[in-house]
Amino acid sequence: MKNKTFTITDHLLASQGQRLLNLLLDLLFIYIIILSVGTSIILIADVANKFTISDWVETLSWTAILFYGMLILFLYYFLTEVYFSRTLAKLVTRTIVVKSDGLKPTIDMIFIRTICRFIPFEGLSYLGSVSWGWHDRFSGTYVVKKRKLAKSIQYFNHPEEFGRAE
């Protein structure tokens, strides 16, 4: 009997190299966003002659900077994956976040996925034999190669048309 439900298989998963590149690029993008937000606040405050605000930003403690950095990290991952199922790095590496059936994850899944990123050393958890990190396992999501996923779903839904010349 034929399986009626599409399921993600290992050949669709993003490689360890893609996952590492995603991590490094996302951290770079987050760093750029943090610098941009801080600089924008300072520039706007200076133009508006609100020097106390720009002074406050310039004298933030390391604890405050860490807090705001974590807030931006959370918002970056959560918003990009909720709306696009991918971060900017995943756009570069042509990968996407999906559920086990290949469809877009729920907001709850993305929330769990994002919260799990704050587990110490979590970013290295996908470097095992299978490229499936803790934030993937706990949320029930997968990072897959977008084009391979599309082809596999097309084949699954219409196997009779696969390979036929247009």
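Our structure is the block above this text.
**Comments concerning the nonpolar core**
Among the nonpolar cores identified, the biggest contains 9 residues, and these are Phe-6, Ile-8, Leu-12, Leu-13, Ile-96, Val-98, Tyr-142, Val-144 and Leu-149. Taken together, the elements giving at least two residues each to this core come down to strand 1 (95–99) and strand 2 (141–145). The residues contacting Tyr-142, other than those within four sequence positions of it, are Ile-8, Leu-13, Ile-96, Val-97, Val-98, Lys-99, Ser-100 and Trp-132. By size, the runner-up hydrophobic cluster in this structure holds 7 residues, among which are Phe-78, Val-97, Ile-110 and Val-143.

**A word on the environment of Trp-134**
One can find Trp-134 in helix 6 (residues 134–139). If near-sequence neighbours (up to four positions away) are discounted, Trp-134 is found in contact with Ile-119, Pro-120, Phe-121, Glu-122 and Ser-125.

**Observations regarding unusual backbone geometry**
Here Asn-49, not a glycine, exhibits a phi torsion of approximately 55°, which is positive. Locating Asn-49 in the fold gives a position in the loop between helix 1 (16–47) and helix 2 (51–58). Residue Asn-49 is classed as exposed on the basis of its relative accessible area, which comes to 55%. Although it is not a glycine, Ser-85 adopts a positive phi angle of roughly 60°. Counting through the fold element by element, Ser-85 comes out in the loop between helix 3 (62–84) and helix 4 (88–93).

**Thoughts on the packing of aromatic side chains**
All told, the structure shown has 7 aromatic pairs when counted by the stated rule. For the ring pair Phe-67 and Tyr-68, a centre distance of 5.3 Å and an interplane angle of 70° mean the geometry is edge-to-face. Each ring, one from Phe-78 and one from Phe-111, has its centre 6.2 Å from the other, and the planes form 90°; the classification is edge-to-face. Highlighted residues: Phe-78 in helix 3 and Phe-111 in helix 5 (residues 107–116), separated in sequence by 33 residues.

**Quick look at the pairing of strand 1**
When you tally the buried positions in strand 1, you get 4 out of 5 residues, the bulk of the element. Looking at chain direction, strand 1 and strand 2 are connected through 5 bridges and run antiparallel. Looking at strand 2, one finds that Thr-95 is bridged to Lys-145.

**What about the environment of Met-70?**
Residue placement: Met-70 occurs in helix 3. Met-70 sits in the partly exposed class, given a relative accessible area of 39%. Taking C-alpha positions, Met-70 is 9.6 Å from Ile-30, a pair spaced 40 residues apart along the chain.

**Some thoughts on the pattern of salt bridges**
It is possible for side chains bearing opposite charge to pair when their charged atoms get close. Taken as a whole and assessed by the stated rule, the structure comprises 5 salt bridges. Put simply, Glu-81 and Arg-113 hold a salt bridge, and the shortest N to O gap is 2.9 Å. Within this pair, whereas Glu-81 is found in helix 3, its partner Arg-113 is found in helix 5, the two being separated by 32 residues in sequence. Classification of Glu-81 as buried rests on a relative accessible area of 1%. Residues joined in a network through salt bridges with shared partners are Arg-19, Glu-81, Lys-90, Arg-113, Arg-117 and Asp-136.

**Remarks on the packing of helix 1 against helix 3**
When two helices pack together, their arrangement is captured by the angle between the axes and the distance separating the axes. Taken N-terminus to C-terminus, the directions of helix 1 and helix 3 make an angle of 120°; their axes are 10 Å apart at the nearest point. One way to sum up the angle between helix 1 and helix 3 is to call them oblique. Like other packed secondary-structure pairs, helix 1 and helix 3 cross with a definite hand, here right-handed. Contact with helix 1, carried on its side by Asp-26, Phe-29, Ile-30, Ile-33, Ile-34 and Val-37, involves Gly-69, Ile-72, Leu-73, Tyr-76 and Tyr-77 of helix 3 and no other residues of that element. The residue makeup of the contact of helix 1 with helix 3, split by class, is 9 nonpolar, 1 polar and 1 charged.

Calculation criteria
- Residues numbered from 1 in each chain as written.
- Predicted model: local features only at pLDDT ≥ 70, side-chain atom pairs only at ≥ 80, totals over all residues.
- Heavy atoms only, no water.
- Core = buried A, V, L, I, M, F, W, Y, C linked by side-chain atoms within 4.5 Å.
- Buried < 20%, exposed > 50% of the residue type's maximum accessible area, 1.4 Å probe, protein only.
- Helix = DSSP H or I, 4+ residues; strand = E, 2+ residues; numbered from the N terminus.
- Contact = heavy atoms within 4.5 Å.
- Phe/Tyr/Trp six-rings, centres within 6.5 Å; stacked < 30°, edge-to-face > 60°.
- Pairing = 2+ DSSP bridges.
- Salt bridge = Lys/Arg side-chain N within 4 Å of Asp/Glu carboxyl O.
- Axes fitted to C-alpha atoms, helices over the stretch in contact; angles between N-to-C directions.
- Parallel < 35°, antiparallel > 145°, perpendicular 65-115°, else oblique.
- Left-handed = near helix turned anticlockwise from the far one by under 90°.
- Nonpolar A, V, L, I, M, F, W, Y, C, P; charged D, E, K, R; others polar.

Read these as spatial facts, not as claims about activity.
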